[in-house]
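# Observations on the three-dimensional arrangement
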Amino acid sequence: MIAVIAALPREVAGLVKGWERREVARNVFVWRRGASIAACAGMGQGRAMLACEAAMTAAPMKRLISAGLAGACDPALRVGDVLRASVVIDARTGERLDAEGSVGGAVLVTGTGIATSREKRRLRESYGASAVDMEAAAVARIARAHRMEFRAVKAVSDEVECEMEGLERFATADGQFREGAFALHTALRPWMWSSVMALGRNSARAVRSLSEALRAEID
């Protein structure tokens, strides 16, 4: 069995269309088709651990794939680009965790929140980061502890200079994103409309790229 671990359902919506779906706990979802499972429980390492647990409870696993959207730290990366990490670094501890299937690939840093442009540049300087996410280190750690294969497949949703500051306030304690509150906040601030519309388009493009890459991984 192969499990795809993502943060939010929209990140795997294209992949799991038509799959069997269960909500095993509040905001913890598992989809299954044949020998493939996808699980989401929210943003952050703690929630990624819950998603891994849900997937591993559903069936014995051979491989865990940390999947989802990521912020570019490498100026050469563009929206929709897919990267396969050869190493994941936990920014909290400096721990380095190897990934399989991508010799000489990207360096993915797992941070503690939605990275601002300034933070992306710092991670590039400190770790040689190609991109930053919020979950991969936890998935890698669990895969290593259970002697499973681990891969990290991420699609770029925001480039280095894309400013994400302020989005943290719309994240809930259980790793969800309050889309309704964000929409209302934006609606009352016309000067934000163009940047938010661009963010939406970029996220949609990244999700399409991610879905194609994940299909290739599991097929």
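Residues numbered from 1 in each chain as written. Predicted model: local features only at pLDDT ≥ 70, side-chain atom pairs only at ≥ 80, totals over all residues. Heavy atoms only, no water.

### Quick look at helix H6 (residues 193-218)
Formally: A run of H or I in DSSP counts as a helix once it spans at least four residues, and a run of E counts as a strand once it spans at least two, with each numbered from the N terminus. In this scheme, a helix's expected span is set at 1.5 Å multiplied by one less than its residue total. Note on exposure labels: buried denotes an accessible area under 20% of the residue type's maximum, exposed denotes more than 50%, and partly exposed covers the range between, all computed with a 1.4 Å probe on protein chains only.
A rise of 1.5 Å per residue sets the reference length of H6, with its 26 residues, at 38 Å; its end C-alpha atoms lie 37 Å apart and thus fit the reference within 8%. Along H6, the positions that sit buried rather than exposed are Leu199, Ser203, Ala206, Val207, Ser209, Leu210, Ser211, Ala213, Leu214, Glu217 and Ile218.

### Focus on the packing of aromatic side chains
Under the convention used in this document: Stacked, edge-to-face and tilted are the three classes for Phe, Tyr and Trp ring pairs, Trp counted by its six-membered ring, which pair at centre distances within 6.5 Å; planes under 30 degrees apart are stacked, over 60 edge-to-face, the rest tilted.
Inspection of the entire model under this criterion finds 4 aromatic pairs. Among the aromatic side chains, those forming a connected cluster through ring pairs are Phe170, Phe177 and Phe182.

### Topic: the pattern of salt bridges
As a reminder, the rule being used: Salt bridge criterion: a side-chain nitrogen from Lys or Arg within 4 Å of a carboxyl oxygen from Asp or Glu.
All told, the structure shown has 13 salt bridges when counted by the stated rule. The salt bridge involving Asp158 is made with Lys120; its shortest N-O contact spans 2.5 Å. With Asp158 in strand S10 (residues 149-158) and Lys120 in helix H3 (residues 117-127), this pair connects stretches of sequence that are 38 residues apart. Here Asp158 falls in the buried class, since its relative accessible area comes to 6%. With a shortest N-O distance of 3.0 Å, Arg151 and Glu217 are connected by a salt bridge. Highlighted residues: Arg151 in strand S10 and Glu217 in helix H6, separated in sequence by 66 residues. Taking the relative accessible area as the measure of exposure, Glu217 reaches 13% and is therefore buried. In the salt-bridge network here, residues are joined through shared partners; they are Asp90, Arg92, Glu95, Arg141 and Arg144.

### A look at the pairing of strand S6 (residues 82-90)
Just so we agree on the cut-off: Strands are labelled as partners when DSSP assigns at least two bridges between them.
The buried fraction of S6 amounts to 7 of the 9 residues, a majority that puts the element mostly inside the structure. Note that S6 and S10 share 3 bridges and pair antiparallel. Directly across from Leu83, in S10, lies its bridge partner Lys154. Relative to strand S8 (residues 106-110), S6 is paired through 5 bridges, and the arrangement is parallel. Note on S8: the bridge partner recorded for Ala85 is Ala106. Taking the residues between adjacent antiparallel strands as the criterion, S6 and strand S7 (residues 96-98) are bridged by 5 residues, where Gly94 takes a positive phi near 80°.

### A word on the packing of helix H2 (residues 45-58) against helix H4 (residues 136-145)
Keep this limit in mind: A fitted line through C-alpha atoms serves as each axis, taken over the contacting stretch for helices, and the angle formed by two N-to-C directions is quoted from 0 to 180°. Note on angle classes: values under 35 degrees are labelled roughly parallel, values over 145 roughly antiparallel, values of 65 to 115 roughly perpendicular, and the remainder oblique. Note on convention: near helix rotated counterclockwise from far helix by under a right angle means a left-handed crossing. Clockwise means right-handed. Contact definition: two residues touch when any of their heavy atoms are within 4.5 Å. Amino acids are sorted into nonpolar (Ala, Val, Leu, Ile, Met, Phe, Trp, Tyr, Cys and Pro), charged (Asp, Glu, Lys and Arg) and polar (every other residue, Gly among them).
Contact geometry for H2 and H4: axes closest at 8 Å, N-to-C directions at 40°. When the axes of H2 and H4 are compared, the pair comes out oblique. The handedness of the crossing between H2 and H4 is right-handed. Only Ala137, Ala138, Val139, Arg141 and Ile142 of H4 make contact with H2, whose side of the interface consists of Gln45, Ala48, Met49, Cys52 and Met56. Tallied by class, the residues present in the contact of H2 with H4 amount to 8 nonpolar, 1 polar and 1 charged.

### Considering the pairing of S10
The element S10 is largely enclosed, with a buried count of 8 among its 10 residues. Relative to S10, strand S5 (residues 63-72) is paired through 9 bridges, and the arrangement is parallel. The residue of S10 that forms the bridge with Ala70 is Val156.

### Section: unusual backbone geometry
In the Ramachandran plot, Asn27 falls in the positive-phi region, its phi being about 60° despite a non-glycine side chain. Residue position: Asn27 is located in the loop between strand S2 (20-25) and strand S3 (28-33). In the Ramachandran plot, Arg147 falls in the positive-phi region, its phi being about 55° despite a non-glycine side chain. Tracing the backbone shows Arg147 in the loop between H4 and S10. Exposure remark for Arg147: the relative accessible area of 82% places this residue in the exposed category.

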